[in-house]
Amino acid sequence: YQKKYGYYDAVAYTDKVQNKGLSSIKKKGFSFPEQTVWAGFIKKYFALLVKPDAKIIDGSAKADLKNLWGQMTLEPVAIPAGGEAERNFLIYVGPQRYEVLKSFGAGFEDVFSRGFFGLFKTGILMALKFLNQYTHNFGWALVILTFLIKLLFAPLTHLSYGSMKKMQLLAPKMKAIQEHNKKDPAQSQKALMELYRRNKVNPMMGCLPMLIQIPVFIAMFRLLPEAIELHGAPFIGWIKDLSAPDRFMTLPFTVPFLGWNTLNILPITMAISQVWYQKLMPSQPGSSPEQQTIM
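Quick caveat, the model's predicted, so the values are computed rather than measured. (Residues numbered from 1 in each chain as written. Predicted model: local features only at pLDDT ≥ 70, side-chain atom pairs only at ≥ 80, totals over all residues. Heavy atoms only, no water.)

Another point: the nonpolar core. In terms of nonpolar packing, the biggest core is built from 20 residues, with I124, L128 and L145 touching the most fellow members. Elements supplying a minimum of two residues to this core: helix 3 (118–135), helix 4 (138–152) and helix 7 (208–223). When residues of this core are assigned to their parent elements, the largest contribution, five residues, is made by helix 4. Excluding residues within four positions of it along the chain, L128 makes contact with F138, A141, L142, L145 and L230. Counting 14 residues, the second-largest nonpolar core is a separate cluster that includes Y8, A10, L22 and A39. (Core = buried A, V, L, I, M, F, W, Y, C linked by side-chain atoms within 4.5 Å. Buried < 20%, exposed > 50% of the residue type's maximum accessible area, 1.4 Å probe, protein only. Helix = DSSP H or I, 4+ residues; strand = E, 2+ residues; numbered from the N terminus. Contact = heavy atoms within 4.5 Å.)

Moving on to the pattern of salt bridges. Where charged atoms of side chains with opposite charge meet at close range, the side chains can pair. Tallied over the full model, the rule gives four salt bridges. Where K129 meets E99, a salt bridge forms, and the shortest distance between an N and an O atom there is 2.8 Å. Taken as a pair, K129 in helix 3 and E99 in helix 2 (residues 98–103) lie far apart in primary sequence, 30 residues in all. A salt bridge links K121 to E226, with the shortest nitrogen-to-oxygen separation between them at 2.4 Å. Of this pair, K121 sits in helix 3 while E226 sits in the loop between helix 7 and strand 9 (249–250); the two residues are 105 residues apart in sequence, bridging distant segments of the chain. Salt bridges here are not isolated pairs; linked through shared partners, they connect R97, E99, K129 and E229. (Salt bridge = Lys/Arg side-chain N within 4 Å of Asp/Glu carboxyl O.)

Turning our attention to the sheet that holds strand 5 (residues 46–52). Reading across the sheet, the five strands line up as 2-1-4-5-8 and stay open at both edges, with antiparallel pairing between neighbours. The sheet is open, and its two edges are formed by strand 2 (17–21) and strand 8 (89–95), each paired on a single side. Averaged over all pairs of adjacent strands, the angle between their axes in this sheet comes to 15 degrees, without regard to strand direction. Here strand 5 pairs with strand 8 via seven bridges, running antiparallel. Looking at the pairing, F46 lines up with P95 of strand 8. (Pairing = 2+ DSSP bridges. Axes fitted to C-alpha atoms, helices over the stretch in contact; angles between N-to-C directions.)

A few words on the confidence of the model for the chain. Overall, the predicted model of the chain reaches an average pLDDT of 82, with 91% of residues at or above 70. Within the chain, helix 9 (residues 289–294) has the poorest average pLDDT of any element, 61, and strand 8 the best, 93. (pLDDT = per-residue confidence, 0-100.)

Across the sheet, three strands lie side by side as 3-6-7; this open sheet has antiparallel pairing. Strands with a single pairing partner mark the edges of an open sheet, and in this sheet they are strand 3 (30–31) and strand 7 (68–74). In the sheet, strand 6 (residues 56–63) pairs with strand 7 via seven bridges, with the strands oriented antiparallel. Paired with D58 across the bridge in strand 7 is T73.

A few words now on a nonpolar patch on the surface. A cluster of nonpolar residues, L208, M210, L211, I212, I214 and F217, forms a patch on the protein surface that exposes about 490 Å² of accessible area. One can find I214 in helix 7. I214 sits in the partly exposed class, given a relative accessible area of 33%. (Patch = residues over 30% accessible without salt bridge, like charges linked within 9 Å, V, L, I, M, F, W, Y side chains within 5 Å. Areas by Shrake-Rupley, 256 points an atom, 1.4 Å probe, with all protein chains shown as cover.)

This part takes up the packing of aromatic side chains. Overall, the coordinates contain ten aromatic pairs when judged by the stated rule. Seen in terms of ring centroids, F104 and F108 are 5.7 Å apart; in terms of plane orientation they differ by 55 degrees. Their pairing is tilted. By relative accessible area, which is 0% here, F108 ends up buried. Considering the side-chain rings of F130 and Y134, the 5.4 Å spacing of their centres and the 65 degrees angle between planes classify their relative orientation as edge-to-face. Here F130 pairs with Y134, and both are found in helix 3, just four residues apart, close to one helical turn. Using a relative accessible area of 60% as the deciding quantity, one classes Y134 as exposed. (Phe/Tyr/Trp six-rings, centres within 6.5 Å; stacked < 30°, edge-to-face > 60°.)

Right, let's talk about the packing of helix 3 against helix 4 for a bit. For the pair helix 3 and helix 4, interaxial distance at closest approach is 8 Å and the crossing angle is 120 degrees. As judged from the angle between their axes, helix 3 and helix 4 are oblique. The chirality of how helix 3 crosses helix 4 is right-handed. The segment helix 3 lies against helix 4, with I124, A127, L128, K129, L131, N132 and T135 engaging F138, W140, A141, L142, I144, L145 and L148. Partitioned by chemical class, the residues of the contact of helix 3 with helix 4 number eleven nonpolar, two polar and one charged. (Parallel < 35°, antiparallel > 145°, perpendicular 65-115°, else oblique. Left-handed = near helix turned anticlockwise from the far one by under 90°. Nonpolar A, V, L, I, M, F, W, Y, C, P; charged D, E, K, R; others polar.)

What follows covers the pairing of strand 2. Sheet topology places strand 1 (residues 9–13) next to strand 2; five bridges connect them, and they run antiparallel. Bridge pairing in strand 2 links A10 to K20.

Turning our eyes to something else, we now look at the environment of I236. Inspection of the secondary structure puts I236 in the loop between helix 7 and strand 9. For I236, a relative accessible area of 37% corresponds to the partly exposed category.

Below, the structure is given as structure tokens:
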């Protein structure tokens, strides 16, 4: 293996995928769980998966500084005198393309959708590929998908901002209650809850809508560096590969301490947009001008 190709995992499939990363394998190894149906390795965009036609009774993966290898032991087969027997293996070596993996009917597609947020990850990929049928450009498909996700969650975002605004208006009263009951936290909490009830405010509503969106954000964060569809896919101008940094131009020098030697436009654009977005957001209840400046 080589570091430039990204992470490596060993995987074993029972009724779900269990995996362990390369660094952990180096330290402790990886023993296949009982009832393993198939096993293999995944390497960012690619997979090597082996499914025998017999039960796997034992298996493991090991790694050193240069090599990663695995082994499996199948249940013994009895061969009568003068007889013969054979073992068949389904072996897949190739990209983690969801539809291809699923076509084998062996659960291979679970290596792509493994983990708690795998279902969201697969759903976002399907939506991205659907949009690409019309844009013929995964970059623009990503832009449209991001816009649609923001549109979908717009009511929740509006609800969150509305709750934050109400809390901001109540901030002086909240501070007065806390000052008045400084020595009695229980009474302070009771008075605050009564204040919320009278004004029909739920302090949790400021963050709850954002928590609901987190699975989608995490799924997209996991999808973008792993989707083979984006590997080598161009976007616009200098962006020739959506799986790599944009690298607008190579600098004739290296930035001290940071080690940068390329100019990347997209991260700079994102930083500027985040500052602009932060200015649009309502201030947190009771925040001082100094806190707002820090934010």
